[in-house]
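Descriptive analysis of the structure
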Amino acid sequence: MNELMRQLLFLPEQASTFAVKVDKLHYFVVTVTMVASVLTGLIATWFFFRFRERRPNASTPIVSASHRFELAVISVPLIFFFLWVWVGFKDYIWYVTPPKNTTDIYVTGKKWMWHFAYPDGPNSNASVTVPANRPVRLLMTSRDVIHSFYVPDFRIKQDVIPGRYTETWFEATKPGRYRIYCAEFCGTWHSQMIGEVVVLPGPEFDAWMVKQKQGLAGRVDSSGSGEEFKGDLATYGRRLAGAYGCLKCHSLDGAPHIGPTWVDLYRRKTLLASGETIIADEGYLTESMMDPYVKVVKGYQQVMPSFRGKLAAPEAAALVEFIKSLRGDNLENVAPKEPVYGPVERR
Amino acid sequence: MAQLNVVNEELSLPKVHYINADRGLKSWLFTLDHKRIALMYFVLTTVALLLGGIFAMAVRFEHLTPGPTIMGANTYNRMFTLHGVVMIFLFMIPAIPGIFGNFCLPLMLGAKDVAFPRLNLLSVYVYAVGAALALYGMVSGGADAGWTFYAPYSLSTPATLAPVLFGVFILGFSSILTGLNFIVTVHTLRAPGMTWMRIPLFVWAIYATAIIQVLATPVIGLTSVLVAVERIFGFGFFDPAHGGDPVLFQHMFWFYSHPAVYIMVLPSMGVISEAVAAVARKNVFGYKMIAYSSLGIAFVGFFAWGHHMFVSGQSALDNGAFAIISMLVGVFTAIKVFNWVGTLYRGSIAIRTPLVYICGFLFFLVFGGMTGIAVATVSLDVHWHDTYFVVAHFHFIMVGAVIMGYLAAIHLWFPKMFGRMFHEGWGMVASSFIVLGFNATFIPQFLLGNAGQPRRYYMYDERFWVLNVASTAGSTLLAFGFIIILIYLIYALKNGNVAGDNPWDLKGLEWNTSSPPPKHNFDVTPTVDEDPYTYQKKGEEVEHVVI
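Nothing here was measured: the structure is a model prediction, and the numbers come from that model. (Residues numbered from 1 in each chain as written. Chains lettered and ligands numbered in written order. Predicted model: local features only at pLDDT ≥ 70, side-chain atom pairs only at ≥ 80, totals over all residues.)

**Describing the overall build of chain A**
How we decide: Counting from the N terminus, the helices are DSSP H or I runs at least four residues long and the strands are E runs at least two residues long. Our exposure labels follow a C-beta count within 10 Å of each residue's own C-beta, placed from the backbone: buried means 20 or more other C-beta atoms, exposed means 12 or fewer, and partly exposed covers the counts in between. Note on contacts: residues are paired as contacts if their backbone-placed C-beta atoms lie within 7 Å.
Looking only at helices and strands, chain A has seven helices and 13 strands in total. Put simply, chain A has 347 residues, and 34% of those count as buried. Sequence-distant contacts in chain A: of pairs separated by 6 or more residues, those separated by 24 or more amount to 61%.

**Overview of the overall build of chain B**
Quick note on the threshold: Just to be clear, the radius of gyration here is over C-alpha atoms, and the globule rule we use is 2.2 Å times residues to the power 0.38.
Looking only at helices and strands, chain B has 15 helices and one strand in total. For 547 residues, the compact-globule estimate of 2.2 N^0.38 gives 24 Å, and chain B sits close to it at 23 Å. C-alpha atoms of chain B, sized along the principal axes, occupy 75 × 45 × 45 Å. A total of 547 residues make up chain B; the buried ones form 62% of that total. In chain B, once contacts between residues fewer than 6 apart in sequence are set aside, the share between residues at least 24 apart is 85%.

**Digging into the pairing of strand S7 (residues 147-151) of chain A**
Residues and elements named next belong to chain A. The line we're drawing: Two strands pair under a simple rule: DSSP has to find at least two bridges between them.
Of all the five residues making up S7, five are buried; the element is thus mostly covered by neighbouring parts of the structure. Of the two faces of S7, both are covered, the one formed by His147, Phe149 and Val151 as well as the one formed by Ser148 and Tyr150. Bridging between S7 and strand S8 (residues 156-160) involves five bridges; their strand directions are antiparallel. Counted as the bridge partner of histidine 147 is valine 160 from S8. The antiparallel pairing of S7 with S8 creates a hairpin that spans four residues between the two strands, and arginine 155 there sits at a positive phi of about 60°. Relative to strand S10 (residues 176-182), S7 runs antiparallel, the two being bridged by two bridges. The partner of tyrosine 150 across the bridge, within S10, is tyrosine 181.

**Digging into the nonpolar core**
For the record, the criterion: Remark: nonpolar core denotes a set of buried Ala, Val, Leu, Ile, Met, Phe, Trp, Tyr and Cys residues whose joining runs through C-beta atoms within 7 Å. Domains are outlined according to an automatic or database domain assignment.
Grouped together as the largest cluster of nonpolar side chains are 249 residues, with contacts concentrated most on Ala134(B), Val203(B), Ile358(B), Phe361(B), Val402(B) and Ala408(B). Structurally, this core is a two-domain feature, drawing no fewer than three residues from each of domain 1 (2-52 + 63-95) and domain 2 (103-213) of chain A. With sequence-adjacent residues up to four places away left out, Ala408(B) is seen in contact with Val271(B), Ile272(B), Ala275(B), Pro354(B), Tyr357(B), Ile358(B) and Phe361(B). Membership of the second largest hydrophobic core comes to 15 residues, among which are Trp262(A), Tyr266(A), Ala280(A) and Phe322(A).

**Focus on the domain arrangement of chain A**
Residue and element names in this part refer to chain A. Just so we agree on the cut-off: Three residue categories are used. Nonpolar comprises Ala, Val, Leu, Ile, Met, Phe, Trp, Tyr, Cys and Pro, charged comprises Asp, Glu, Lys and Arg, and polar comprises the others, including Gly.
According to the domain assignment, chain A consists of domain 1 (2-52 + 63-95), domain 2 (103-213) and domain 3 (233-325). Between domain 1 and domain 2, the C-alpha centre-to-centre distance is 33 Å. The residue makeup of the side of domain 1 that touches domain 2, split by class, is five nonpolar, two polar and one charged.

**A word on the confidence of the model for chain A**
Note the threshold: pLDDT measures the predictor's confidence residue by residue and takes values from 0 up to 100.
Of the residues in chain A, 88% have a pLDDT of 70 or more, and the chain-wide mean is 83. In this model residues 216-228 of chain A is a low-confidence stretch, pLDDT under 50, and it forms 18 contacts with partners more than four residues away in sequence or in other chains.

**Examining the interface of chain A and chain B**
Frequently, the measure chosen for interface size is the accessible area removed from exposure when the parts meet. Between chain A and chain B, the residue contacts involve 83 residues of the former and 85 residues of the latter. When residues of the side of chain A that touches chain B are traced back to their parent elements, those giving at least two are helix H2 (17-50), strand S1 (62-64), helix H3 (67-95), S7 and S8 of chain A. The element best represented in the side of chain A that touches chain B is H3(A), accounting for 16 residues. Class assignment for the residues of the side of chain A that touches chain B results in 47 nonpolar, 21 polar and 15 charged. Examined bridge by bridge, S1(A) and strand S1 (residues 544-546) of chain B share three bridges and lie parallel to one another. Residue pairing across strands places Ile62(A) opposite His544(B), the latter belonging to S1(B).

**Observations concerning the packing of helix H3 (residues 73-109) of chain B against helix H8 (residues 246-280) of chain B**
Residues and elements named next belong to chain B. Put simply, the rule is: The axes are straight lines fitted to the C-alpha atoms, using for helices just the contacting stretch, and the angles between their N-to-C directions are given from 0 to 180°. Note on convention: the crossing is left-handed when the near helix lies turned anticlockwise from the far helix by less than a right angle, right-handed when the turn is clockwise.
The N-to-C vectors of H3 and H8 enclose an angle of 35°; their axes lie 8 Å apart at closest approach. Crossing angle aside, the handedness with which H3 passes H8 is left-handed. Judged by residue contacts, Met92, Ile93, Ile96, Pro97, Phe100 and Gly101 of H3 engage Ala260, Ile263, Met264, Pro267, Ser268 and Val271 from H8. Its residues placed into classes, the contact of H3 with H8 shows 10 nonpolar, two polar and no charged.

**Notes on the pairing of strand S2 (residues 103-110) of chain A**
Residue and element names in this part refer to chain A. As judged from the seven bridges shared by S2 and strand S6 (residues 135-142), these two strands associate in the parallel manner. When the bridges of S6 are listed, threonine 103 appears paired with valine 136. Turn length for the S2-strand S3 (residues 113-117) hairpin, with the two strands adjacent in sequence and antiparallel, is two residues.

**A short note on unusual backbone geometry**
All names here are of chain B. Geometrically, the link from alanine 151 to proline 152 is a cis peptide bond, its omega value of 0° lying close to zero. In this structure, phenylalanine 149 takes a positive phi of about 50° despite not being glycine. Position of phenylalanine 149 among the secondary structure elements: in the loop between helix H4 (117-141) and helix H5 (153-156). Residue phenylalanine 149 is classed as buried on the basis of its 26 C-beta neighbours within 10 Å. We note that aspartate 386 has phi near 60°; this positive angle belongs to a residue other than glycine.

**Examining the sheet that holds strand S9 (residues 166-171) of chain A**
All names here are of chain A. Read from one edge of the open sheet, five strands run S4-S3-S2-S6-S9, paired in mixed fashion. Each edge of the open sheet is held by one strand with a lone partner, namely strand S4 (123-125) and S9. Put simply, the sheet's adjacent strands are angled 25° from each other on average, direction ignored. Of the strand pairs in this sheet, S3 and S4 are connected by three bridges, and their pairing is antiparallel. Counted as the bridge partner of alanine 117 is asparagine 123 from S4.

**Observations regarding the sheet that holds S10(A)**
All names here are of chain A. The strand order S5-S11-S10-S7-S8 describes an open sheet built from five strands, whose pairing is mixed. Of all strands in the sheet, those bounded by a partner on one side alone are strand S5 (127-131) and S8. Strand-to-strand twist of the sheet, defined as the mean angle between neighbouring strand axes without regard to direction, takes the value 25°. On the sheet, helix H4 (residues 202-213) packs against S5 and strand S11 (195-200) and is oriented at approximately 125° with respect to S5.

**Some details on helix H10 (residues 316-344) of chain B**
Which entries qualify depends on this criterion: Expected helix span is computed as 1.5 Å times (number of residues minus one).
Helix length check: H10(B), at 29 residues, gives a terminal C-alpha distance of 43 Å against a target of 42 Å (1.5 Å per residue), a fit within 8%. Within H10(B), 21 of the 29 residues are buried, which leaves the element mostly enclosed by the surrounding structure.

**Description of the confidence of the model for chain B**
Scored by pLDDT, chain B has a mean of 91; 98% of the residues are at 70 or more. With a pTM of 0.83, the predicted complex shows an ipTM of 0.90.

**Regarding H4(B)**
Residues spaced three or four apart along an α-helix face the same direction, because each turn holds 3.6 residues. Here H4(B) is 25 residues long and its end C-alpha atoms lie 36 Å apart, about the 36 Å a rise of 1.5 Å per residue gives. A positive phi of about 65° marks Gly142(B), the residue just after H4(B).

Next up, the structure:
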């Protein structure tokens, strides 16, 4: 029965505990809606034929309602409506009250991608890995405009708002991959702000997490720089910056030195020696490590060595993440302090 | 009714009526006649409807394939913005009050004009200026924020938004002036003997609408100006980067825009009350209940706005309260539906074009209303919010109910306005296209919403493809229906058979004068001694039925 109704109504899979709960009310409401509107249509149509005009301009009786009829007309819909409100609100309260001991994940929405971070290390874009049959709580904020985190298979949706944290939670019941959409219009590629939730069975998730915590550099990769590291990318980047000697020329206190300071460098509008103005995004930062003389900042000498072939890809990423983490006062911090997140950027 | 389509040699138009009483462009541009002002609204809002329809078709054709079809992402975003703004601010809100409110309300009350004819003329010009500014602003500036202008997106989009926001601000004044005029007219210009309980239900509906127009519209004006000012001068009202609150915008926006739904739908409900009584030749079943439920909807409609924000992060308690208030709107609507169906009972029902629209209206309003109850059920809305389910739901109300009422009004009062009949056969054909096409367009969208397709998606997942194609196919039927109507109505303006003053022997005061009416409406001020739906012949014994 459940499966039949779900397919008839084109509802997606029921992959969370909330989905199973909410769909029952869904079937009930939709069935009553269908029956009521079709019945109204049929009764009206039946009246058209039963009471059709038999001679033009006929007289008609005066029909009035008894109090009993009026009472029924008011109370029958009211009973149905309030029943739905009651059940719906009860389910909703259950849905906005996460249980204790949730696995917390921080979510950042920005045009047009989802960023996920676990409190103890790994980060990812677009794809988030969660355990099955364990409650997962998402703490969400936005870097720019309002987005809305929507997973149809879980029947959950929550707006993601700049300058605030909102939360939602779910308990996935079936391992698999589920689509994430952005449901609040956010600009040109709103429809491509998609991602997926990867649900792994509990033990597999734990194993995955252990592997993630070993850190990017700890994994066996082509770079061969097999130094063991535990922690997040930015912390790793700070260590690398020391080890590679970056900090001999780039300051971390905002003062210009032999090279530009790294504080607030990320996304800064930068005037180049060529007269061109660029924004110091990830692409630019990486390019400057590899080809430092292509875009030299105005007022600085061409003294930086190239790190092409010296930095492994994950190391360059870690340095970029470290630079991104260095934010000064000209970014307005309107978000609450606790989570590990970037503040809202001033446009 | 059949004999009406046969040329009746005896009938002829009155020699002098409001259309030919004065001649020349100036006599139209500076007219103070409520009937001519109604025709000006008719022309302007028809242009808006056509434009909005073209934008809608552009959106539908874009969705023929999951990827890019006929336009780029930014063009698509502009198209649905144009569609929403034009349909809501330029068509839905002004159409029925502007055309039929202006034309019929004074006639139905037995008045010579509205209370403030100059303000009435001003409202048309304010509308025209606001509409022109909004359209110019959207086309030249590439507005892409949707008709909802949610902050902070509307503050940060590279498109130019200030002109369209000021356009909406100006359009608001037109709406307020119209509403104010109608309130005063109903209070002061009723014919002798027309007590409050003898006012036609269309007038009650317009009266309830006018109250919302006057009280709620200033809020949207204020909100759009705040957004424009924040965009231009960088004040931090809604942008969190400047200490503003984006959710505050949503509260302010929906504080107007939810009651605005009733600005759109209440007049349509009033039309249906008239049309049901007219085609069934019946007293309205539960007159008082219909009249008071209009006021009830207008009142509780003010306190239901938060149901647009169940997943916005507002408090859970708010969500529960807004859900309960929303249900009250549902109950008032249900009362009306019972009463319309009850009016058909024991009637003498003429199978004419308005009947098809009444039938469509009843089905769409119940289905649209009940799905409204469904999305006002908080836990269910979490899944449906901002998906095509919501799109389908509000199109059921705004197209299904409002436009059915609008078309029923055209077909009910066309002979009164122009003195000629449209072709009944084509009327039936077109109305069938409209009702079927509408279902085919929007029922697939309910299913798309269930399946999880978010709204305002330029590209969508391939699994949504079939339903999208079905919806587009339905929309072409719908468009075709509108084109047929436009053609036979324009044809009927000059070539339709002369209708006679009261072709269907109806009882409202508007039928108690010539068609088209003279400039001053009534040669003798009518006196009223019975309710407007007394279809019992004098002298015959009247049968009373209580159910």
